[in-house]
Every structure is written in structure tokens, then in C-alpha cells.
Amino acid sequence: MRALTLTVLALLPSLACSADERLSVQQNETPIHAPANPQAISKIPADFHFIEPGTLTVATSATNSPPLSLLASDNVTRIGSDPDIARLLADSLGLKLKLVPASWEDWPLGISAGRYDVAMFNIAVTEERKKKFDFATYRADNHAFAVKSDSKISRINSPADIAGKRIIVSSGTNQERILLSWDQQNRAKGLPAVTPVYLTDDASATLTLLSGRADAMFGPHSMAAWKVASRGQTKLVGSGPFRAWVAVTTKKGNGLAPALQAALDGTIAGGQYQQVLARWGEQDEAIAHSTINPPGIVY
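From a predicted model like this one, the values you see are computed outputs, not experimental measurements.

Description of the sheet that holds strand β10 (residues 216-220)
Piece 1. Reading across the sheet, the five strands line up as β9-β8-β10-β7-β11 and stay open at both edges, with mixed pairing between neighbours. The sheet is open, and its two borders are formed by β9 (195-198) and β11 (234-239), each paired with just one other strand. Across the sheet, the axes of successive neighbouring strands diverge by a mean angle of 35°, strand direction being ignored.
Piece 2. Across four bridges, the pairing between strand β7 (residues 143-148) and β10 is antiparallel. When the sheet's bridge partners are listed, Ala 146 is paired in β10 with Met 217.
Piece 3. Packing of helix α9 (residues 221-230) onto the sheet brings it into contact with β7, β10 and β11, and relative to β11 it is tilted by some 150°.

Some thoughts on unusual backbone geometry
Piece 1. A cis amide bond links Pro 66 with the next residue in sequence, Pro 67, at an omega value of 5°.
Piece 2. Along the chain, the position of Pro 67 falls in the loop between β1 (55-61) and β2 (70-71).
Piece 3. Even without being a glycine, Asn 75 presents a positive backbone phi close to 60°.
Piece 4. Along the chain, Asn 75 falls in the loop between β2 and β3 (78-79).
Piece 5. Accessibility expressed as a relative area gives 45% for Asn 75, which makes it partly exposed.

Quick word on the environment of Thr 249
Piece 1. Tracing the chain through its elements places Thr 249 in strand β12 (residues 244-251).
Piece 2. Considering only alpha carbons, one finds Thr 249 and Val 125, 124 residues apart in sequence, at a separation of 8.8 Å.
Piece 3. Separated by 3.2 Å, the side chain of Thr 249 and the backbone oxygen of Ala 247 make a polar contact.

Looking at helix α7 (residues 174-188)
Piece 1. Between its terminal C-alpha atoms α7 stretches 21 Å, which fits the 21 Å expected from 15 residues at 1.5 Å a residue.
Piece 2. Looking at α7, one finds that the buried residues are Asn 174, Gln 175, Glu 176, Ile 178, Leu 179, Trp 182, Asp 183 and Asn 186.
Piece 3. Of the surrounding secondary structure, the elements contacted by the buried residues of α7 are β7, α6 (159-162), β8 (166-169), β9, β10 and β11.
Piece 4. Trailing α7 by a residue or two, Gly 190 shows a phi angle of about 80°, which is positive.

Concerning the packing of helix α10 (residues 257-270) against helix α11 (residues 272-279)
Piece 1. Taken N-terminus to C-terminus, the directions of α10 and α11 make an angle of 80°; their axes are 5 Å apart at the nearest point. For the element pair α10 / α11, the angle class is roughly perpendicular. Taken together, the residues of α11 that come into contact with α10 (itself represented by Gly 266, Thr 267, Ile 268 and Gly 270) are Gln 272, Tyr 273 and Gln 274.
Piece 2. Counted by class, the contact of α10 with α11 contains two nonpolar, five polar and no charged residues.

Observations concerning the nonpolar core
Piece 1. Counting residues in hydrophobic clusters, the biggest one holds 39 residues, and the most contacted among them are Leu 56, Ile 85, Leu 89, Leu 93, Met 120, Val 248 and Leu 260.
Piece 2. Elements that contribute at least two residues to this core include exactly β1, α4 (81-92), β5 (118-120), β6 (133-141), β12, α10 and α11.
Piece 3. Looking at this core element by element, the count peaks at six residues for α10.

Notes on the side chain of Thr 57
Piece 1. In this structure, Thr 57 sits in strand β1.
Piece 2. Overall, Thr 57 belongs to the buried group, its relative accessible area being 3%.
Piece 3. Excluding its chain neighbours within four sequence positions, the residues that come into contact with Thr 57 are Ile 51, Glu 52, Lys 98, Val 100, Arg 115, Tyr 116, Asp 117 and Val 118.

Some remarks on α4
Piece 1. Counted at 1.5 Å a residue, the expected span for α4 with its twelve residues is 16 Å, and the 16 Å between its end C-alpha atoms agrees.
Piece 2. Among the twelve residues that make up α4, twelve are buried, leaving the element largely enclosed by the rest of the structure.
Piece 3. Restricting attention to buried positions, one finds in α4 the residues Ser 81, Asp 82, Pro 83, Asp 84, Ile 85, Ala 86, Arg 87, Leu 88, Leu 89, Ala 90, Asp 91 and Ser 92.
Piece 4. Downstream of α4 by one or two residues, Gly 94 has phi in the positive range, about 70°.

Points about the pairing of β9
Piece 1. Pairing of β8 with β9 involves four bridges; the strand directions are parallel. By the bridge assignment for β9, Val 169 is matched with Tyr 198.
Piece 2. The handedness of the β8 to β9 crossover, carried by α7, is right-handed.

Regarding the layout of surface pockets
Piece 1. Each pocket or cavity is described by its volume, and for the largest pocket that value is around 740 Å³.
Piece 2. Along its surface, the largest pocket is lined by 40 residues, and Ser 65, Ser 170, Thr 173, Pro 220 and Met 223 are the ones closest to its centre.
Piece 3. Looking at which element gives the most residues to the lining of the largest pocket, the answer is β10, with four residues.
Piece 4. The class makeup of the residues in the lining of the largest pocket is 20 nonpolar, 14 polar and six charged.
Piece 5. Volume-wise, the second largest pocket comes out at about 350 Å³.
Piece 6. What lines the second largest pocket is a set of 18 residues, and nearest its centre among them are Pro 108, Glu 128, Arg 129, Phe 133 and Gly 172.
Piece 7. Going through the elements one at a time, α5 (107-112) and α7 are the ones with two or more residues in the lining of the second largest pocket.
Piece 8. At four residues, α5 tops the list of elements feeding residues into the lining of the second largest pocket.
Piece 9. Partitioning the lining of the second largest pocket into residue classes produces six nonpolar, six polar and six charged.

About the thresholds
Residues numbered from 1 in each chain as written. Predicted model: local features only at pLDDT ≥ 70, side-chain atom pairs only at ≥ 80, totals over all residues. Heavy atoms only, no water. Pairing = 2+ DSSP bridges. Helix = DSSP H or I, 4+ residues; strand = E, 2+ residues; numbered from the N terminus. Axes fitted to C-alpha atoms, helices over the stretch in contact; angles between N-to-C directions. Contact = heavy atoms within 4.5 Å. Buried < 20%, exposed > 50% of the residue type's maximum accessible area, 1.4 Å probe, protein only. Polar contact = N/O pair within 3.5 Å; in protein donor to acceptor, adjacent residues only side chain to side chain. Expected span 1.5 Å × (residues − 1). Parallel < 35°, antiparallel > 145°, perpendicular 65-115°, else oblique. Nonpolar A, V, L, I, M, F, W, Y, C, P; charged D, E, K, R; others polar. Core = buried A, V, L, I, M, F, W, Y, C linked by side-chain atoms within 4.5 Å. Right-handed = clockwise from strand over helix to strand, strands pointing away. 1 Å grid on protein atoms, 1.4 Å probe; cavity = no way out; pocket = protein on both sides within 12 Å on 5 of 7 lines; lining within 4 Å. Points joined across faces, edges and corners; volume = space filled by probe spheres on them.

Written out as C-alpha cells, the structure reads:
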């Protein structure tokens with residue numbers, strides 16, 4: 001326990017860059033708004049009941065995961081590309097916005113149980129998830145492998161590249177499914193097993209990587225690229241086998257997806273969508289139009 005404490009304390013100076021990072025995003029704390037979209041509003045089913053009348057209740061990440069979600073300088077307000085897109089949706093649908101910080105593990109049950117109207121957690125469309133949820137896409141994301149900037153690892157792009165490595169990944173994610181699938185392929189060939197390192201928050205994951213207790217981190221490309229650009233302590237060395245459609249997620253069959261799609265398309269046409277992605281460095285993940293329930297990842 002003492003050794004662990006010393007390791008964490010030794011890394012605290014590196015976390016000072018979080019303050020610099022926060023300063024770099026203060027200009028992004030000013031909300032970007034969109035006008036009400038009559039076409040999108042008309043697509044809200046007459047019998048649809050929002051969790052709170054007149055309000056779009058959105059589950060979003062409670063963790064500090066820039067550029068997707070983080071706390072503003074007041075340590076209360078959630079900002080990031082997901083909260084920004086959520087605000088555009090609420091504006092377009094003529095609704096107030098209520099962001100509910102939640103855990104990744106909570107959003108599926110929360111949507112099914114009627115605690116949230118939609119969830120925005122950088123959720124990728126999969127064929128399995130389409131059985132329970134409806135989707136309206138708003139980004140095309142890849143998955144990235146990141147290592148310490150001085151790591152001798154230069155590339156991770158295939159199953160053989162993860163053999164014998166300790167890799168940070170979040171449980172229940174597409175990245176975990178990819179990692180475990182690659183590990184199965186390696187074991188069948190007699191290659192060393194991967195060691196998944198499961199952590200629930202980004203700060204712990206970063207500490208673990210920088211302390212040398214893991215060899216690499218596997219997660220959303222946008223988050224990995226943000227760290228490289230804002231902190232300089234890590235580098236990207238590879239990506240997953242495919243890009244994923246990231247989508248606003250709602251309960252299957254509730255009829256809200258067409259309204260969400262129309263709202264997103266309106267902000268794309270109006271330019272507000274591009275403003276959001278540009279200020280969070282996600283221009284490469286932009287889409288030309290939103291799609292309802294596109295082909296999803298299959299495992």
C-alpha cells in the first residue's frame with residue numbers, strides 16, 4: 001500500500017496540467033444555441049411523454065472525460081461535446097435541457113426504466129444494442145490505442161500487437177469486446193495473453209498509464225487525441241479495426257428517434273453542429289446527416 005501511495009504522489013505534479021487544460025477550454029464554456037426547428041418538433045409523437053414536461057432529460061458522463069464531458073471552471077456545470085450536442089437537440093425541439101451525470105453502467109437501465117429521455121455517452125451503435133434502443137447518429141468515432149510519450153511501443157493495430165501487454169479498457173464497452181476478441185485469436189495461436197486493466201474513471205486510467213502500471217490505453221479516439229494535444233504526456237500508436245457510429249440513444253419504439261434525427265440535421269444545415277465539433281477538436285468525426293439505426297457493430 002505504501003508503494004502505491006508513493007507512486008500516486010509522485011505523479012501529482014503531472015496532474016497540474018489539468019489546470020492548464022481547464023484554462024484552455026474556458027472559451028468553450030459559452031453555450032452554443034440553435035433555433036427551434038418546427039420540422040423536428042412536428043416529429044415528436046403526440047403520445048410521447050418526456051420525463052419532465054417541456055424538458056429533454058439527457059444522461060451524460062459523470063466522469064472528467066474531455067472532450068466528451070467535463071466540469072466547467074465553476075466545478076458544477078457540465079461542458080464538452082456531448083453536453084453541447086444535447087443543448088442543440090433541446091433547443092431544436094423547443095425544450096429546456098436537463099443534463100443528468102451518470103455512470104456508463106447506468107445508462108442502459110436508466111433509459112429502459114424511463115429515468116432519461118435519451119443518453120449521450122459516446123455510445124456506439126451495435127446490432128446487439130439495437131434490440132433494446134433506437135439511435136440517431138451524430139458522430140463517426142474510431143477507437144485508439146495510446147501509450148506514454150516515451151514508450152518504446154510504436155504501433156498497436158492488430159491482435160499480435162497486444163500479446164502479453166497490460167491494456168487499460170473500460171468494462172462493457174466495444175473496446176473491451178475488441179480487446180478480448182483479439183486476445184482469443186492470440187491464444188489460439190499460442191501467443192501470450194493480454195492483461196485487461198479495468199478502471200472506471202479517466203483520471204485513474206491516466207495515472208496508471210503514466211506510472212508504468214499499464215502498457216497502453218484503449219478507448220475513444222476523441223479522448224485519446226485530446227490528451228495528446230492538451231497534455232503531451234501520451235501518443236497515439238494505433239486504432240481499432242473499424243469506425244463506429246456514435247448516436248443519441250433512446251428507448252426502442254418510443255417514436256422519438258425521427259425527431260432527434262431532424263433536430264440534428266437542422267443543426268448540421270445551420271452550422272451549429274460544426275461549431276461544436278470544431279471547438280472540441282472533433283472535426284474529423286463529423287457526419288453529413290444523421291441516420292436512424294444504421295448498421296451496427298457485430299461481434
